[in-house]
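# Coordinates in review
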There are 2 protein chains.
Amino acid sequence: MNPLVKTLHDIHPLSSDARESLEKTLQKVVIEKEEFILREGQVCHRLFFIEAGCFRGYYHKDGKEITHWFGFEKDIVTSFNSFINKTASIEHIQALETSVCWSISYNELYQLYDDFPEVERLGRITCEQYYIKLEDRYVNAQFQTATERYNKMLANTPHILQRIPLGHIASYLGISQETLSRIRAKGMNSKNSEQTHRS
Amino acid sequence: MNPLVKTLHDIHPLSSDARESLEKTLQKVVIEKEEFILREGQVCHRLFFIEAGCFRGYYHKDGKEITHWFGFEKDIVTSFNSFINKTASIEHIQALETSVCWSISYNELYQLYDDFPEVERLGRITCEQYYIKLEDRYVNAQFQTATERYNKMLANTPHILQRIPLGHIASYLGISQETLSRIRAKGMNSKNSEQTHRS
DNA sequence: TTTCCTTTTTGACATATGTCAAAAAAGCCA
DNA sequence: TGGCTTTTTTGACATATGTCAAAAAGGAAA
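Residues numbered from 1 in each chain as written. Chains lettered and ligands numbered in written order. Predicted model: local features only at pLDDT ≥ 70, side-chain atom pairs only at ≥ 80, totals over all residues. Heavy atoms only, no water.

## Regarding the overall build of chain A
Convention followed: Each helix corresponds to a stretch of at least 4 residues labelled H or I by DSSP, and each strand to a stretch of at least 2 residues labelled E; elements are numbered beginning at the N terminus. With a 1.4 Å probe rolled over the protein chains alone, any residue whose accessible area is under 20% of its type maximum counts as buried; one over 50% counts as exposed, and the rest are partly exposed. What makes two residues a contact is simply this: any of their non-hydrogen atoms within 4.5 Å. Each accessible area is a Shrake-Rupley estimate made with a 1.4 Å probe; only the visible protein chains count as cover when residues are assessed. When charges are counted, Lys and Arg contribute as positive and Asp and Glu as negative, whereas His and the chain ends are disregarded. Charge positions come from single atoms, namely NZ of Lys, CZ of Arg, CG of Asp or CD of Glu.
Across its full length, chain A holds nine helices and eight strands. Projected onto its principal axes, the C-alpha positions of chain A cover 55 × 35 × 30 Å. Within the span of chain A, comprising 199 residues, buried residues form 51% of the whole. Considering only residue pairs separated by 6 or more positions, chain A has 68% of its internal contacts joining residues 24 or more positions apart. By element, 50% of the accessible surface of chain A is carried by carbon and sulfur atoms, the whole surface being about 9700 Å². Here chain A contributes 24 positively and 26 negatively charged side chains, and the mean placements of these two sets differ by 7 Å.

Right, dumping it as structure tokens:
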């Protein structure tokens, strides 16, 4: 079974008709490292489900790149506002590793919503889950110190630290790379010493 | 017609059966200024649609209150994570003015989702819209300066500044009240002089 | 108006983080 | 291995914002 369909089916059961339509619609696509699936200013017409690899979304501010999200295996990637409202995207979406995805267009997805209420339910549930994750990130972002944000990342999503250059991570945390470096240096002596074990 | 039902119907048409069920289910409730509809630690079992009035969501950090959202007329208010996942809420929800709301319980809502695909569609669309708004706030929160955040608020949601004490707004913007006061003082001389016109 | 209470502003100083430049370390590959 | 590039760290200094305390301003009620 297509891995996305399996993931969805585990969240909420799909009829065999819905499964079949989904499988027929999803397109497999391989994106090379550094390649873009969306550029600032374009309208995002597709969703991507990551089977393997990772992506980042970023935009430019004062000449600097601001990375505001990462996507990994089992994540759904799109420029949300652009996809839903058909507006020009403010962000670039770039593969950080050569990645394997399953992709569906806006029109295909909405046809499935019309044909299969279970699919629309999955759409609703998925959106709710992403909302909750974003809300958590939001509270972190605005109301915790940089050190707290880094430590939370170390505790909750250490895989990000292992796969992504620190420059992107600093940007994601909303601090300069130098500040991130200093936060890491301080943490070294204490119990959170896993960084020292890298080979 | 119930104002929430009208708002929903304008987004996506509801069958008369669905409208009727909704109207039957929604409970009108008046909440006094300063009163809470949810306390930290409780599970949030209900959604509230604001017909008139306003609310804030806040939690405590280092002994201080952190306000992380406001809700006004036509907004839907709940502790999202708690409502969806039935977990203890980390936030308090408090009326900032005496408010009139329409309320529905989790079980009632999910019964409507089962009975009427149009209602579930509205649930999906509403969630998508709230996601987009939150994403915008997130990008603001983490990647703009306090002055930029304040000016954006002045441009996009001036009604908030007129209805809510500056202490709450400073907290919402992620800065101290003193810093907000200084930002406002600086803006005074320039074109954004609307604060000076207050009677 | 006068008093009282709340909200907002101002001042002095402390701290976190940013910026720019350079050094050090790590990764890559011929 | 040696040389080249990229990534990460370190240092010196600038700036934004926080904290605490007090003053000023604004609102409500007698």
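## Digging into the protein's contact with DNA strand C
We count it as follows: Residues are labelled near a given molecule or strand when at least one of their non-hydrogen atoms is within 4 Å of it. Pairing of N or O atoms within 3.5 Å defines a polar contact, subject to two protein rules: one partner must be a possible hydrogen donor and the other a possible acceptor, and residues neighboring in sequence count only if both atoms are side-chain atoms.
In the vicinity of DNA strand C, 17 residues are found, and the nearest of them are Glu178 and Thr179 of chain A together with Leu166, Ser181 and Arg182 of chain B. Of all atoms in DNA strand C that approach within 4 Å of the protein, 49% are sugar or phosphate atoms. For DNA strand C, a phosphate oxygen lies 3.0 Å from a polar atom in the backbone of serine 176 of chain A. Within the side chain of arginine 182 of chain B, an N or O atom sits 2.4 Å from a base nitrogen of DNA strand C.

## As for the protein's contact with DNA strand D
Our working rule: Charged residues are taken to be Asp, Glu, Lys and Arg, nonpolar residues to be Ala, Val, Leu, Ile, Met, Phe, Trp, Tyr, Cys and Pro, and polar residues to be all remaining types, Gly included.
Lining the immediate surroundings of DNA strand D are 18 residues, of which Leu166 and Arg182 of chain A together with Ser176, Glu178 and Thr179 of chain B lie closest. For DNA strand D, the backbone makes up 48% of the atoms found within 4 Å of the protein, where backbone means sugar plus phosphate. Lysine 64 of chain B is positioned with one of its side-chain polar atoms (N or O) 3.3 Å from a phosphate oxygen of DNA strand D. For the surface near DNA strand D, the elements supplying multiple residues, two or more each, are helix 8 (166-173) and helix 9 (177-188) of chain A together with helix 9 (177-188) of chain B. No other element matches helix 9 of chain A, which puts six residues into the surface near DNA strand D. The residue makeup of the surface near DNA strand D, split by class, is five nonpolar, seven polar and six charged.

## A word on the sheet that holds strand 7 (residues 92-95) of chain B
Residue and element names in this part refer to chain B. Our working definition: For two strands to be treated as a pair, DSSP must find no fewer than two bridges joining them. Every axis in this analysis is a line fitted to C-alpha atoms, fitted for helices over the stretch in contact. Angles between the N-to-C directions lie between 0 and 180 degrees.
Overall, antiparallel pairing links the four strands, which are arranged 2-7-4-5 in an open sheet. For this open sheet the edge positions go to strand 2 (36-38) and strand 5 (64-71), each flanked by a neighbour on one side alone. Across this sheet, the average inter-strand angle for adjacent strands is 30°, counted without regard to direction. In the sheet, strand 2 pairs with strand 7 via two bridges, with the strands oriented antiparallel. Considered in strand 7, the bridge of phenylalanine 36 is made with glutamine 94. Along the sheet face, helix 8 (residues 166-173) touches strand 4 (55-61) and strand 5 and points at about 90° away from the line of strand 5.

## Here's the deal with the relation of the copies chain A and chain B
Each of the two chain copies can be generated from the other by rotation about an axis followed by a shift along it. Spelled out, the test is: Superposition of the copies was done by least squares, using only C-alpha atoms of residues whose pLDDT is at least 70 in both.
Placing chain A over chain B gives an RMSD of 0.0 Å and needs a rotation angle of 180°, together with 0.0 Å of translation along the axis. What the rotation and shift describe, once combined, is the action of a two-fold rotation axis. Minimal C-alpha separation from the rotation axis in chain A is found for arginine 124 of chain A, amounting to 2.2 Å. Of the residues that chain A buries at the interface, 100% are likewise interface residues in chain B, meaning the two copies contact each other through the same surface.

## Here we look at the packing of helix 6 (residues 146-156) of chain A against helix 8 of chain A
Residue and element names in this part refer to chain A. Threshold: Roughly parallel means an angle under 35 degrees; roughly antiparallel means over 145; roughly perpendicular covers 65 to 115; every other angle is labelled oblique. For any helix crossing, the convention is left-handed if the near helix is rotated counterclockwise from the far helix by under a right angle, and right-handed if that rotation is clockwise.
Relative to each other, helix 6 and helix 8 sit at 120°, their axes nearing to 10 Å. Viewed along their axes, helix 6 and helix 8 adopt a mutual orientation that is oblique. When the axes of helix 6 and helix 8 are compared, the crossing they make is right-handed. Packed against helix 6, whose contacting residues are Arg149, Tyr150 and Met153, the element helix 8 presents Ile169, Tyr172 and Leu173 at the interface. A class-by-class count of the residues in the contact of helix 6 with helix 8 yields five nonpolar, no polar and one charged.

## Quick look at the interface of chain A and chain B
How we decide: The quantity reported as buried area is the accessible area (1.4 Å probe) lost by two parts once they are put together, taken as the sum for both. By definition, a salt bridge exists where a carboxyl oxygen of Asp or Glu is found within 4 Å of a side-chain nitrogen of Lys or Arg.
Taken together, the contact between chain A and chain B spans 37 residues of the former and 37 residues of the latter. Buried surface at the junction of chain A and chain B, summed over both partners, amounts to about 3700 Å²; 62% is from carbon and sulfur atoms. Measuring nitrogen to oxygen at the nearest pair gives 2.7 Å for the salt bridge that ties arginine 124 of chain A to glutamate 120 of chain B. Across the contact surface, chain A and chain B share 18 residue pairs in polar contact (both at pLDDT 80 or more). Elements with a contribution of two residues or more to the side of chain A that touches chain B: strand 4 (55-61), strand 5 (64-71), helix 3 (80-85), helix 4 (106-115), helix 5 (117-143), helix 6 and helix 8 of chain A. With 17 residues, the single largest contributor to the side of chain A that touches chain B is helix 5 of chain A.

## Side note on the sheet that holds strand 7 (residues 92-95) of chain A
Residues and elements named next belong to chain A. Sheet architecture is open: four strands sit in the order 2-7-4-5, paired in antiparallel fashion. Edge positions in the sheet fall to strand 2 (36-38) and strand 5, since each of these pairs with one other strand and no more. The average angle at which neighbouring strand axes cross in this sheet is 30°, direction not considered. Across the sheet, helix 8 lies against strand 4 and strand 5, angled at about 90° from strand 5, the strand it touches most.

## Notes on the confidence of the model for chain A
Selection criterion: Along the chain, pLDDT gives the predictor's confidence residue by residue, from 0 to 100.
Averaged over all residues, the pLDDT of chain A equals 90, while 94% of them reach at least 70. In this model, residues 189-199 of chain A is a region of pLDDT below 50 whose contacts with residues beyond four sequence positions or in other chains number 12 contacts.

## Notes on the state of the cysteines
Stated precisely, the cut-off is as follows: Sulfur atoms of two cysteines make up a disulfide when they are within 2.5 Å.
Summed over the entire model, instances satisfying the criterion amount to zero disulfides over all chains. Looking at the unpaired cysteine 127 of chain A, the closest cysteine sulfur is the one in cysteine 127 of chain B, lying at 3.2 Å. Cysteine 44 of chain B carries a free sulfur, and the closest cysteine sulfur to it, the one in cysteine 101 of chain B, is 12 Å from it.

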